[in-house]
Amino acid sequence: MTTKTEAGVQTVPAPWPTISVAELLMHPGNVRSVEPPADLLADVKANGVQEPLYIVDTHGGVPQIIDGFQRLAAAVDAGLEELPFTPRPVIRIDALTPHPENAREDLDINARFVESFRVEGCRIPVKIQRLEGGVLQVNDGNRRFYGATDAGLTHVPYEWEDDDRDAAGQFLDMITTSEQRKGLTTREMNQAMFSAAEAGAQVGRIAKAAGVRQKDVRTLVKVRNDETLSAAISAASGYTWTFENMAALSEFADNPEALAAITKAAAAKGADEAKVQWAIEVERVKRDKAAKAAAHRAELEAAGQKIRDIEELAERATAVSELRGVKAEEHATCKGQVWVFDDRRGDRYEPYCSAPGLYGHIAPESAKSSGTSTAATAAEVEAERAARAAVKAGNIDWDASEAIRRKWLADLIQSRSLPKATTIALIRHVNEALLSGTWGICDDLNKELTTEILADFLGLNAQQATHRSAFAEYAAKDPRKAPQLQFAAIAAVREKCANRSAWRTDSQHAPWTRTPTAAWFRVLESLGYPLTLIERSVVDGKPYDRAKEEPSASLLGGGDEEPSASLLGGGDPEAEQGDEQGDEEPEAEPVEGEGEDEQAAHDARPEQADENPEGEAEPDAEQAAEEQEGTEPEGDAEPDTEEPTADEPEVTQPDAESTADAETA
């Protein structure tokens, strides 16, 4: 038999409750004509009564001694005023002997189990039998015996086994008692904790008894005491709500729409924690975007800017980013400037010119009249509206996936212990990234956005994250975590470059971002990360369809799977070949912030190697941006709009530094 114990880690429980000697002597049933043995009397005079008296309350509220008459007599002779007692029979643990052939091989005496004894004592009696020679053997309750011992208890409640119970019957009892016991489900445990709180139990006591954090108990009580939140829990009663889920519900207590969306996900057939967490993250993204948009609007209103709904504008109104030959800062003084909510991004307003021709601006070619009506048909308007809605929804889902993915990465990096296979996989990924030279690590490792992501992965607070040079001081204290810390730096670079453009397959597709991002996601999947639907679409090279059912998350073995070396390169050969074959097609105009670093672009599009046969060095970001700006033909559109016009000129791949760190659309 294997016994896992944690002896020596717990403190001795609180002493027994006491009762006054005078109260016991008030009732004749407690007074017997007994003489305490001399050794007992001497021990009581020297040390007091150590063994509690077994006392029960009768129907009249009278404390009646069941066991302990000699100890009471000795206490009277010794002049004691208080005596320890117990309301049920107990026996000293050191008087017991565990069953030598207990059927349970692994008793699993874990910290939570031991803590329950320390806080509440042993609540279920062990069953003992007196064997030849006076041995008191534990026939049922060996796990409780060891748990109580590790918790520092001196006594446990007990029951006598039938005198005629044979050895065969003892083993059959082990089967029977196991079959007749069933632990509480998570939902039942939560209900019991809440009922205990209603009955007056303090948070600390509940947390210790249940083996959970006090923070979790407070969350449970808060949610169950709130009528709206409690109704949301009940509406999805078939789902087992975690403490994290309930804490998230509290965030949306004043948001009925968000609560309804989360509850719907939990109540759906086949709901699991991954799907509910997905719904929560989507609502968080929506909330955060709404807050940013409100703050931006307040800033604009304070500056005296005019804000309009898109429906209020005439057809000739044009986003400033689409005007030719004028930049946003130059248009700021235009009398026709108004601000319109950018529903594709959802977190800010963008400037429009209400009448470009009237105020001397050149509208895009698609907006000019060619002698025939250019008014869009109803179908075209609806298609445009649907496309914009799809972009907005996709961006929200991408941001939600990013939050889930980065939390998973942070947990992996901050884990105190990892399986050996996972550690080996991390080392392999780091070596591949550093030695192959295909990740653009040097270009992006020290960027501001990379630093922010890395600080989150390492769990640094705001003060610790102030200076990148101090990161090693705070994080590299345990040399055993070196593989995780090194992987954190690589992961921060890849996450910095995995921006929103990766999921797009419409006119704003960006293969130089999508291909290396897909490779990065395959690395994470090999480590056990369960891809979300939008991430899966990037890996599979398919358009993202939000209408599809989100698959349940399933871990893939914590790094046991051997990913190919190409996972850390720039994308698989087939994808690269496809890009090369399609080089004759004009590339879509990139949106602001949707660019990828130059190295990743080189990895994803190998045909560029032929464009620079002399091996000249690539220009740095600032230089490339200046050259692009200096050679831009007059009248060309600025490459910062999400929706290109029909007559848009062909553009080349964007430079990374001019776009990668900007806000994505």
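Predicted model only: the values in this text are computed from it and were never measured.

This part covers the overall build of the protein. Broken down by element type, the protein carries 27 helices and 13 strands. Of all 665 residues assigned to the protein, the portion counted as buried reaches 43%. In the protein, once contacts between residues fewer than 6 apart in sequence are set aside, the share between residues at least 24 apart is 77%.

A separate point is a nonpolar patch on the surface. The grouping of Leu25, Val31 and Val76 at the surface amounts to a nonpolar patch, some 230 Å² of accessible area in total. Following the sequence through the fold, Val31 ends up in the loop between helix H1 (21–25) and helix H2 (38–47). Residue Val31 is classed as partly exposed on the basis of its relative accessible area of 46%.

Of the residues making up helix H18 (residues 448–458), those classed as buried are Thr450, Thr451, Ile453, Leu454, Ala455, Phe457 and Leu458. On the buried face of H18, the contacting elements are helix H15 (378–414), helix H17 (441–444), helix H19 (471–475) and helix H20 (482–497).

For the pair helix H10 (residues 227–235) and helix H12 (residues 256–267), the least separation of the axes is 8 Å and the interaxial angle reads 25 degrees. In this view, H10 runs roughly parallel relative to H12, as classed from their interaxial angle. In contact with Thr228, Leu229, Ala232 and Ala235 of H10, H12 contributes Leu259, Thr263 and Ala267.

Here we come to the sheet that holds strand S13 (residues 349–353). Strands sit in the order S10-S12-S13-S11 across an open sheet of four strands; the sheet is mixed. Where the open sheet ends on each side, the last strands, each with one partner, are strand S10 (307–308) and strand S11 (318–319). Relative to S13, S11 is paired through two bridges, and the arrangement is antiparallel. Bridge assignment links Thr318 to a residue of S13, and that residue is Cys353.

Looking now at the nonpolar core. Within the largest apolar cluster, 47 residues are counted, with the highest numbers of intra-cluster contacts made by Leu409, Phe457, Leu458, Phe487, Trp520 and Leu527. The element best represented in this core is H15, accounting for nine residues. Ranked by size, the runner-up nonpolar core spans 26 residues in total, among them Ala248, Leu249, Phe252 and Ala266.

Attention now goes to the pattern of salt bridges. Taken as a whole, this structure holds 29 salt bridges when the rule is applied. The salt bridge involving Arg213 is made with Glu244; its shortest N-O contact spans 3.8 Å. Residue Arg213 is located in the loop between helix H8 (203–210) and helix H9 (214–225), and its partner Glu244 is located in helix H11 (residues 243–251); the two are separated by 31 residues in the primary sequence. Given the relative accessible area of 44%, Arg213 is considered partly exposed. Notably, a salt bridge pairs Lys447 with Asp444, separated by 4.0 Å at the nearest N-O pair. Side by side, Lys447 and Asp444 carry an identical accessibility label, which is buried. In the salt-bridge network here, residues are joined through shared partners; they are Glu251, Glu281, Arg284, Arg287 and Asp288.

Attention now moves to the side chain of Gln484. Topologically, Gln484 is positioned in helix H20. What makes Gln484 buried here is its relative accessible area of 5%. Among the polar contacts made by the side chain of Gln484, one reaches the main-chain carbonyl oxygen of Ile413 at a distance of 3.0 Å. Beyond its immediate stretch of four places on either side in the chain, Gln484 contacts Leu412, Ile413, Gln414, Ser415, Leu418 and Leu426.

Moving on to H12. Under the 1.5 Å per step criterion, the end-to-end length of H12 is 16 Å for 12 residues, consistent within 8% with the ideal 16 Å. By the burial criterion, the buried members of H12 are Ala258, Leu259, Ile262, Thr263, Ala265 and Ala266. The buried residues of H12 all sit within an arc of 155 degrees when viewed along its axis, so they share a single face. Exposed and oriented more than 90 degrees from the buried face of H12 are Pro256, Glu257 and Lys264. If you follow the buried residues of H12, they end up packed against H10, H11 and helix H13 (273–302).

Next up on the list: the packing of helix H4 (residues 111–120) against helix H5 (residues 142–150). A packed helix pair is summarised by two numbers, namely the angle formed by the two axes and the spacing between the axes. Across the interface, H4 lies against H5 with an axial gap of 8 Å and an inter-helix angle of 70 degrees. In terms of their interaxial angle, H4 and H5 are classed as roughly perpendicular. Taken together, the residues of H5 that come into contact with H4 (itself represented by Phe113, Val114 and Phe117) are Arg143, Arg144, Gly147, Ala148 and Asp150. For the contact of H4 with H5, a count of residues per class yields four nonpolar, one polar and three charged.

Turning our attention to the sheet that holds strand S8 (residues 136–140). Ordered in space as S5-S9-S7-S8-S6, the five strands form an open sheet in which the pairing is mixed. Only two strands of the sheet have a single neighbouring strand rather than two, namely strand S5 (90–92) and strand S6 (96–98). When the angles between neighbouring strand axes are averaged without regard to direction, this sheet yields 55 degrees. As paired strands, S5 and strand S9 (residues 155–160) are joined by three bridges and run antiparallel to one another. Bridge pairing links Arg92 to His155 in S9. Contacting S6, strand S7 (126–130), S8 and S9, H5 crosses the sheet at an angle of about 115 degrees to S8.

In terms of burial, strand S4 (residues 82–86) is largely enclosed, as four of its five residues are buried. Pairing of strand S1 (residues 18–20) with S4, which is carried by three bridges, proceeds in the antiparallel orientation. Each bridged residue has a counterpart across the sheet, and for Ile19 the counterpart in S4 is Leu83. Judged from the two bridges that link them, strand S2 (residues 53–57) and S4 form a sheet pairing that is parallel.

For the protein, mean pLDDT is 76; residues scoring 70 or higher make up 74% of the total. For the stretch residues 1–14, pLDDT sits under 50, and the model shows 37 contacts to residues farther than four places along the chain or on other chains. Considering only residues more than four positions removed or in separate chains, one finds that residues 367–373, a stretch of pLDDT under 50, has four contacts.

Here a ring pair, both rings aromatic, is described through the centre-centre distance and the interplanar angle of the planes. One pass over the structure, following the stated rule, counts eight aromatic pairs. Look at Phe341 and Tyr349: their rings are 5.4 Å apart centre to centre, the planes differ by 65 degrees, and that puts the pair in the edge-to-face class. With relative accessibility at 31%, the residue Phe341 sits in the partly exposed group. A centroid spacing of 6.0 Å and a plane angle of 35 degrees characterise the contact between Phe487 and Trp520, whose relative ring orientation is tilted. Placement of Phe487 in helix H20 and of Trp520 in helix H21 (residues 511–526) is noted, with a sequence separation of 33 residues between them. Note on Phe487: relative accessible area 1%, which makes it buried. Above the ring of Phe69, the side-chain terminus of Arg32 is found at 4.1 Å from the ring centroid. Geometry around Trp503 places Arg504 over its ring, the cationic atom sitting 5.6 Å from the centre.

Scoring rules and cut-offs
- Residues numbered from 1 in each chain as written.
- Predicted model: local features only at pLDDT ≥ 70, side-chain atom pairs only at ≥ 80, totals over all residues.
- Heavy atoms only, no water.
- Helix = DSSP H or I, 4+ residues; strand = E, 2+ residues; numbered from the N terminus.
- Buried < 20%, exposed > 50% of the residue type's maximum accessible area, 1.4 Å probe, protein only.
- Contact = heavy atoms within 4.5 Å.
- Patch = residues over 30% accessible without salt bridge, like charges linked within 9 Å, V, L, I, M, F, W, Y side chains within 5 Å.
- Areas by Shrake-Rupley, 256 points an atom, 1.4 Å probe, with all protein chains shown as cover.
- Salt bridge = Lys/Arg side-chain N within 4 Å of Asp/Glu carboxyl O.
- Axes fitted to C-alpha atoms, helices over the stretch in contact; angles between N-to-C directions.
- Parallel < 35°, antiparallel > 145°, perpendicular 65-115°, else oblique.
- Pairing = 2+ DSSP bridges.
- Core = buried A, V, L, I, M, F, W, Y, C linked by side-chain atoms within 4.5 Å.
- Polar contact = N/O pair within 3.5 Å; in protein donor to acceptor, adjacent residues only side chain to side chain.
- Expected span 1.5 Å × (residues − 1).
- Arc of directions from axis to C-beta.
- Nonpolar A, V, L, I, M, F, W, Y, C, P; charged D, E, K, R; others polar.
- pLDDT = per-residue confidence, 0-100.
- Phe/Tyr/Trp six-rings, centres within 6.5 Å; stacked < 30°, edge-to-face > 60°.
- Lys NZ or Arg CZ within 6 Å of the ring centre and 35° of its normal.

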